[in-house]
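# Descriptive analysis of the structure
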Amino acid sequence: MNKKSKLSRVGYVALIGRPNAGKSTLLNYILGQKIAIISDKPQTTRTSILGIKTTEEAQIIFIDNPGVHKPLHRLNRRMMNFVYSSLETADLICLTVDASLKYGHGDQFVIDTLKSVSTPILLLLNKVDISKKNKILLLIDHYKDLLPFAEIIPLSAFNGVNVDVLEEQIIKYLPLAEKLYSDDEISDQSLNFLLSEIIREKVLAQVEQELPFTTAVYIEHVGDRQSAGDEEQEQKRAGKFIKASILVDRDNHRKMIIGKGGSRIKTIGTEARKEIEEILQAHVYLDLHVKVQEGWRDSANVLDLIEQQ
Ligand SMILES: Nc1nc2c(ncn2[C@@H]2O[C@H](COP(=O)(O)OP(=O)(O)OP(=O)(O)O)[C@@H](O)[C@H]2O)c(=O)[nH]1
Ligand SMILES: [Mg+2]
């Protein structure tokens, strides 16, 4: 590890907010790289994902979290446990709000979750690119009395407006310490977890609201494809073989994902393969299977398997 002994501003920053607020979009924007998957469906992120931004003066360790919601299944209780534990770890909290929406019950639930926390909180009013100015001002007026926010920053994770201001503000709240990660580390995710998430993102993009968060993806196998020759070049051309399972709760969900004549699963596979090829810099043969596993959201074994891949 290429740790530096010089002191910098170093600390954990928890991204907290309702599902769909734009936490993962913000993380990816700040890192300039896709670490977390994104969708227009709620409850896209299911675990805590670390994203590390190291500069000359600071190392900001972002914890992207699942959206704050009332949990109904074991899966959702686990998702909320990630949120709670990141609140304990964090040196700073970034409460991310979709400023294009009116304040509602879901927002109040998030505020209640943060009431007992003594860590400084920055309020990020995200999606200013699609929010009316007077609505943003009304929201600021409403939020400022709910919690003692250290700063309130309107921004857009989509086009980056004010994200530089956010980064400057974050650094002010981090303690002086030695860096915890080497300069080239950007995330804590395993490759298999990242691959499974990319496939899940393509599933989310292909299905309408009918299947919002009832799929899980498990990588069964990653290996080299056999090639006819022994030459190194030829092995590279032969590429990787990846076998993955998409778990669904019911048979009609399986049919939805497969689509008419297999059209949907084909699109999912093509989209996922293209992105995985970029990451692995190799040809990929992606073998997807849709499996019905009733009640997987309440199965500790299945959830362990997916989280730990
Ligand atoms: N217009 C606009 N859309 C945004 C912005 N930030 C995020 N989005 C969109 O909002 C949707 C949700 O974004 P995500 O980053 O997945 O939201 P999240 O908070 O991580 O959601 P969960 O993982 O479900 O908690 C996606 O369709 C994004 O493209 C923004 O600044 N402007
Ligand atoms: Mg997310």
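Predicted model, so just to flag it, every value in this text is computed and none were measured.

### With respect to the overall build of the protein chain
Helices and strands together make up the secondary structure of the protein chain, namely 10 helices and 10 strands. For the C-alpha atoms alone, the extent of the protein chain along its principal axes is close to 65 × 50 × 35 Å. Each of the 309 residues in the protein chain was classed as buried or not, and the buried ones make up 33%. Here the analysis covers contacts within the protein chain between residues at least 6 apart in sequence; of these, 73% occur between residues at least 24 apart.

### Focus on the site of ligand 1
Neighbouring ligand 1 are 24 residues; Gly22, Ser24, Thr45, Gly67 and Phe158 lie closest to it. Here the shell around ligand 1 gets three residues from one element, more than from any other, and that element is helix H1 (residues 23-31). Residues of the shell around ligand 1, tallied by class, amount to eight nonpolar, 12 polar and four charged.

### Concerning the sheet that holds strand S9 (residues 240-248)
Pairing is mixed in the open sheet, where three strands are placed in the order S8-S9-S10. A single partner strand is all that each edge strand has here, and the edge strands are strand S8 (216-224) and strand S10 (284-292). The mean inter-strand angle of the sheet, taken between neighbouring strand axes irrespective of direction, is 15°. When S8 meets S9, the two strands line up antiparallel, connected through eight bridges.

### Here we look at helix H6 (residues 191-206)
Here H6 is 16 residues long and its end C-alpha atoms lie 23 Å apart, about the 22 Å a rise of 1.5 Å per residue gives. Here H6 has its buried residues at Leu194, Leu195, Ser196, Glu197, Ile198, Ile199, Arg200, Glu201, Lys202, Val203 and Leu204. Buried positions along H6 lie against S8, S9, helix H8 (251-258) and helix H9 (263-280).

### A short note on unusual backbone geometry
For Asn20, which is not a glycine, the phi torsion comes out positive at approximately 80°. Residue class for Asn20 comes out buried when judged on the 20 C-beta atoms lying within 10 Å of it.

### Considerations on the domain arrangement of the protein chain
For an interface, size is often stated in terms of accessible area lost upon the parts coming together. Domain boundaries in the protein chain define domain 1 (8-177) and domain 2 (191-307). Each of domain 1 and domain 2 has a C-alpha centre, and the two are 29 Å apart. Between domain 1 and domain 2, the contact holds 11 residues from the first and 14 residues from the second. Its residues placed into classes, the side of domain 1 that touches domain 2 shows three nonpolar, five polar and three charged.

### Some details on the nonpolar core
Residues Val13, Ile16, Cys94, Leu95 and Leu124 are the most contacted members of the largest nonpolar core, which totals 67 residues. Among the elements that line this core, the one with the most residues is H6, at six residues. Looking at this core, you find at least three residues from each of domain 1 (8-177) and domain 2 (191-307).

### Quick notes on the environment of Lys243
Assignment of secondary structure puts Lys243 in strand S9. Discounting residues that sit within four places of it in the chain, Lys243 has contacts with Glu220, His221 and Asp287.

Cut-off values and rules
- Residues numbered from 1 in each chain as written.
- Chains lettered and ligands numbered in written order.
- Predicted model: local features only at pLDDT ≥ 70, side-chain atom pairs only at ≥ 80, totals over all residues.
- Helix = DSSP H or I, 4+ residues; strand = E, 2+ residues; numbered from the N terminus.
- Buried ≥ 20, exposed ≤ 12 C-beta atoms within 10 Å, placed from the backbone.
- Contact = placed C-beta atoms within 7 Å.
- Near = placed C-beta within 6 Å.
- Nonpolar A, V, L, I, M, F, W, Y, C, P; charged D, E, K, R; others polar.
- Pairing = 2+ DSSP bridges.
- Axes fitted to C-alpha atoms, helices over the stretch in contact; angles between N-to-C directions.
- Expected span 1.5 Å × (residues − 1).
- Domains from an automatic or database assignment.
- Core = buried A, V, L, I, M, F, W, Y, C linked by C-beta atoms within 7 Å.

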